[in-house]
Amino acid sequence: PERLQRREAERLQDVERQRQKKEAQVVKEEQSEFFLAAFSREREAVEALLAAGRLEEAGARLQGLQRLLTESVRFLASYEVRKGQEELARLQGDLAARRQELQPKKKFAFRARKKEAAPGKEPAAPAEPAAPAEPAAPGRAEGDPAGAPACGFSGAEAEELELGPAELLQRDVALCELRGCRVRLRGNPNTVRVRGCSGCTVLCGPVSTSVLVDGCSDCVLVLACQQLRTHRTRCSRFYVHVTSRAVIEDCTEVSFAPYSWSYPGIEGDFESSGLDRSRNNWNLVDDFDWLVAGKPSPNWSLIPEQERISCWD
């Protein structure tokens with residue numbers, strides 16, 4: 001009789017667990033459906049504002065869309081989070097492209113064409129070349145491969161590189177193929193992309209929207225942003241202030257600590273970026289390559305307090 005009673009109790013416990021699981025799944029599906037409907041409405045509104053050229057309103061709605069995704073991550077499936085992040089990245093690229101389209105065009109100017117010297121005559125001295133409106137420093141990135149306009153640096157090696165507030169304000173920044181460089185971005189960019197860099201230290205002020213790190217190794221990155229996505233990166237350390245959950249994919253030996261860089265004017269840059277100073281999910285990381293419930297991912301870790309850098313200059 002005791003054995004039968006024990007089996008019956010176990011059966012009832014299993015039935016109750018199944019019932020609770022089913023109820024939780026129903027609630028989760030309802031929340032997911034509500035999110036997808038709201039996200040779709042907001043995305044369409046942003047697209048309409050972009051088409052109408054109302055870029056300030058589009059930027060504000062886009063930040064609201066980012067907050068909606070951030071607050072919904074806890075009950076969304078991984079593929080829904082990824083799809084939402086991809087949609088946000090696409091809209092941010094569209095916003096940057098529209099800003100570039102609506103910028104005033106540079107005035108057209110004729111250039112003198114060099115004439116060939118007649119036989120037997122001394123060639124005339126070459127005309128002075130017209131000075132470009134904004135000379136590009138060596139290693140400056142002219143644009144991003146995806147087509148969005150950007151400022152930044154590309155192809156430099158073992159250099160100290162820096163951009164200030166006037167150059168960065170709500171601009172898209174691209175750092176590409178840097179080797180052993182130290183980069184300081186003092187200001188408030190709109191987005192930042194770090195691609196194919198190795199052995200670099202990147203210190204960045206508050207970013208209004210997202211940061212993408214792709215194909216990097218042996219780097220130290222100090223970043224403040226709404227959204228951080230890291231792909232194909234190894235042996236790198238991140239000091240972050242991120243208001244959503246950071247996402248890694250195809251990454252190994254990456255570690256995280258709280259954002260710790262400061263410079264004169266950083267408080268104003270945080271205000272203009274719209275980032276919430278009181279909300280920092282630096283230790284919450286989603287690894288899309290590790291879906292084992294209850295076990296931490298072996299691909300990322302937290303930097304021990306005694307090993308964290310607090311003074312950068």
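For the structure itself, look to the data block above.
Because the structure is predicted, anything quoted here is derived from the model rather than measured.

### As for the overall build of the chain
Then, in step 1: Assigned secondary structure in the chain consists of five helices and 14 strands.
Then, in step 2: Sorting the 313 residues of the chain into buried and exposed places 42% on the buried side.
Then, in step 3: Counting only contacts in the chain whose residues sit at least 6 apart along the sequence, the fraction spanning at least 24 positions is 40%.
Then, in step 4: Counting only carbon and sulfur atoms, one obtains 51% of the accessible surface of the chain, whose full area is about 18500 Å².

### Some details on the environment of S244
Then, in step 1: With respect to the helices and strands, the residue S244 is situated in the loop between strand 10 (234-242) and strand 11 (246-249).
Then, in step 2: A relative accessible area of 5% means that S244 is categorised as buried.
Then, in step 3: A sequence separation of 37 residues divides S244 from N281, and the C-alpha atoms of the two residues are 6.3 Å apart.
Then, in step 4: The contacts of S244, once residues within four sequence positions are left out, are Q66, T70, Q226, Q227 and N281.
Then, in step 5: At 2.6 Å, the side chain of S244 forms a polar contact with the backbone oxygen of Q226.

### Section: the nonpolar core
Then, in step 1: Counting residues in each nonpolar core, the largest one holds 38 residues, and the members touching the most others are L178, L228 and F256.
Then, in step 2: Those residues in contact with L228, other than ones at most four positions away along the chain, are V211, V213, L223, F238, V240, V242, A246, V247 and F256.

### Focus on the sheet that holds strand 9 (residues 227-231)
Then, in step 1: Judged by pairing direction, the sheet is parallel, and its seven strands sit side by side in the order 1-3-5-7-9-11-13 without closing on themselves. Two strands close off the open sheet at either side, each with one partner strand: strand 1 (151-154) and strand 13 (285-287). Averaged over all pairs of adjacent strands, the angle between strand axes in this sheet comes to 10°, irrespective of strand direction.
Then, in step 2: The pairing of strand 5 (residues 191-195) with strand 7 (residues 210-214) spans four bridges and is parallel. The partner of R193 across the bridge, within strand 7, is L212.
Then, in step 3: Its contacts with the sheet put helix 3 (residues 78-101) on strand 3 (172-176), strand 5, strand 7, strand 9 and strand 11, and the angle it makes with strand 9 is roughly 105°.

### Examining the packing of helix 2 (residues 55-72) against helix 3
Then, in step 1: Direction vectors running N to C along helix 2 and helix 3 enclose 165°, while the axes themselves pass 11 Å from each other. When the axis of helix 2 is compared with that of helix 3, the two are roughly antiparallel. Like other packed secondary-structure pairs, helix 2 and helix 3 cross with a definite hand, here left-handed. Contacts from L55, A58, G59, L62, L65, Q66 and L69 of helix 2 reach helix 3 at V81, G84, Q85, L88, L91, Q92, L95, R98 and R99.

### Here we look at the packing of aromatic side chains
Then, in step 1: In this structure the tally under the stated criterion is six aromatic pairs.
Then, in step 2: Summarising the aromatic geometry, the rings of F256 and W300 are spaced 6.0 Å apart at their centres and angled 85° between planes, so their arrangement reads as edge-to-face. Of this pair, F256 sits in strand 12 (residues 252-258) while W300 sits in strand 14 (residues 300-302); the two residues are 44 residues apart in sequence, bridging distant segments of the chain. Here F256 and W300 have matching classes, each one buried.
Then, in step 3: Considering the side-chain rings of W261 and Y263, the 4.7 Å spacing of their centres and the 50° angle between planes classify their relative orientation as tilted.

Rules and cut-offs
Residues numbered from 1 in each chain as written. Predicted model: local features only at pLDDT ≥ 70, side-chain atom pairs only at ≥ 80, totals over all residues. Heavy atoms only, no water. Helix = DSSP H or I, 4+ residues; strand = E, 2+ residues; numbered from the N terminus. Buried < 20%, exposed > 50% of the residue type's maximum accessible area, 1.4 Å probe, protein only. Contact = heavy atoms within 4.5 Å. Areas by Shrake-Rupley, 256 points an atom, 1.4 Å probe, with all protein chains shown as cover. Polar contact = N/O pair within 3.5 Å; in protein donor to acceptor, adjacent residues only side chain to side chain. Core = buried A, V, L, I, M, F, W, Y, C linked by side-chain atoms within 4.5 Å. Pairing = 2+ DSSP bridges. Axes fitted to C-alpha atoms, helices over the stretch in contact; angles between N-to-C directions. Parallel < 35°, antiparallel > 145°, perpendicular 65-115°, else oblique. Left-handed = near helix turned anticlockwise from the far one by under 90°. Phe/Tyr/Trp six-rings, centres within 6.5 Å; stacked < 30°, edge-to-face > 60°.

Shape descriptors only; they carry no functional weight alone.
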